[in-house]
Amino acid sequence: MSVTLLRILIGWHFLFEGVVKLYNPEWTSFGYLATAQGPFKWFFTMLVGDATIGWVDTLNIIALMVVGITFTLGIFEKVGAFVGMGLLALYFFAHPPFPGLTQLNVEGSYWFVNKNLIELVACLVIYQLPTGQYFGLEYLRKNRLTKMQEQ
């Protein structure tokens, strides 16, 4: 039950973030990426070009909503968890909480572990323990397919 609650709450968080970004014409990931730090700064600053930032923003919104929908509804959770882990890894490495790096454009003060890393590990737990088969649309899909095969 607790993993189901974790799945739904993380799903809501991702879905809400995706919807807010989708309906805010002023939102862009430009500032977050342009101030990237750490060993992968070169990668993230490469994404802020005029030719790429629109794609990056669109893919970010889509990824957020995929995770949000799959987790909230409890269907195709492994796909959602995989996408979520990838997205959170990107967020983590854009502004890693490593000693010696000034924390720019982030909430809070961290040392090695931040909320992105914690949520990434939670997505890993959901990947390993999908609960949609017990509480979610996966349960309905699974039972419907079973009934269809019996006929």
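All values reported here derive from a predicted model rather than from experimental measurement.

A. Fine view of the nonpolar core. In this structure, Ile10, Phe14, Phe71, Leu87, Leu88 and Cys123 are the most contacted members of the largest nonpolar core, which totals 16 residues. Breaking this core down by element, the ones donating at least two residues are helix H1 (2–22), helix H4 (53–73), helix H5 (77–94) and helix H6 (115–128). Among the elements that take part in this core, H5 stands out by supplying five residues, more than any other. Ignoring sequence-local partners within four residues, the contact set of Cys123 consists of Ile10, Phe71, Ala81, Gly84, Met85 and Leu88. The next biggest cluster of nonpolar side chains, apart from the first, holds seven residues, and it includes Leu33, Phe44, Ile53 and Ala94.

B. Quick look at the side chain of Asp57. For Asp57, the position within the fold is in helix H4. For the buried Asp57, which has no salt bridge, the nearest side chain bearing the opposite charge is Lys21, at an N-O separation of 9.4 Å. Dropping the residues within four chain positions of it, Asp57 is found in contact with Trp27, Thr28 and Ser29.

Calculation criteria
- Residue positions are counted from 1 within each chain, in the order its sequence is given.
- Note on the predicted model: pLDDT of at least 70 is required for a residue's local features to be given, and 80 or more for side-chain atom pairs to be given and counted; whole-chain, interface and lining totals, by contrast, use all residues.
- Computation of side-chain values: all heavy atoms of the structure, hydrogens and water removed.
- Side-chain atoms within 4.5 Å link the members of a nonpolar core, which is a set of buried Ala, Val, Leu, Ile, Met, Phe, Trp, Tyr and Cys residues.
- Categorising residues by exposure relies on relative accessible area from a 1.4 Å probe, with only protein chains included: less than 20% of the type maximum marks a residue as buried, more than 50% marks it as exposed, and the intermediate range marks it as partly exposed.
- Each helix is a run of H or I in the DSSP string that is no shorter than four residues. Each strand is a run of E no shorter than two, and both are numbered from the N terminus.
- In this description, contact between two residues means that some pair of their heavy atoms is separated by no more than 4.5 Å.
- Counted as positive: Lys and Arg. Counted as negative: Asp and Glu, with His and the chain ends omitted from the count.
- Note on definitions: salt bridges are taken to be side-chain nitrogens of Lys or Arg within 4 Å of carboxyl oxygens of Asp or Glu.

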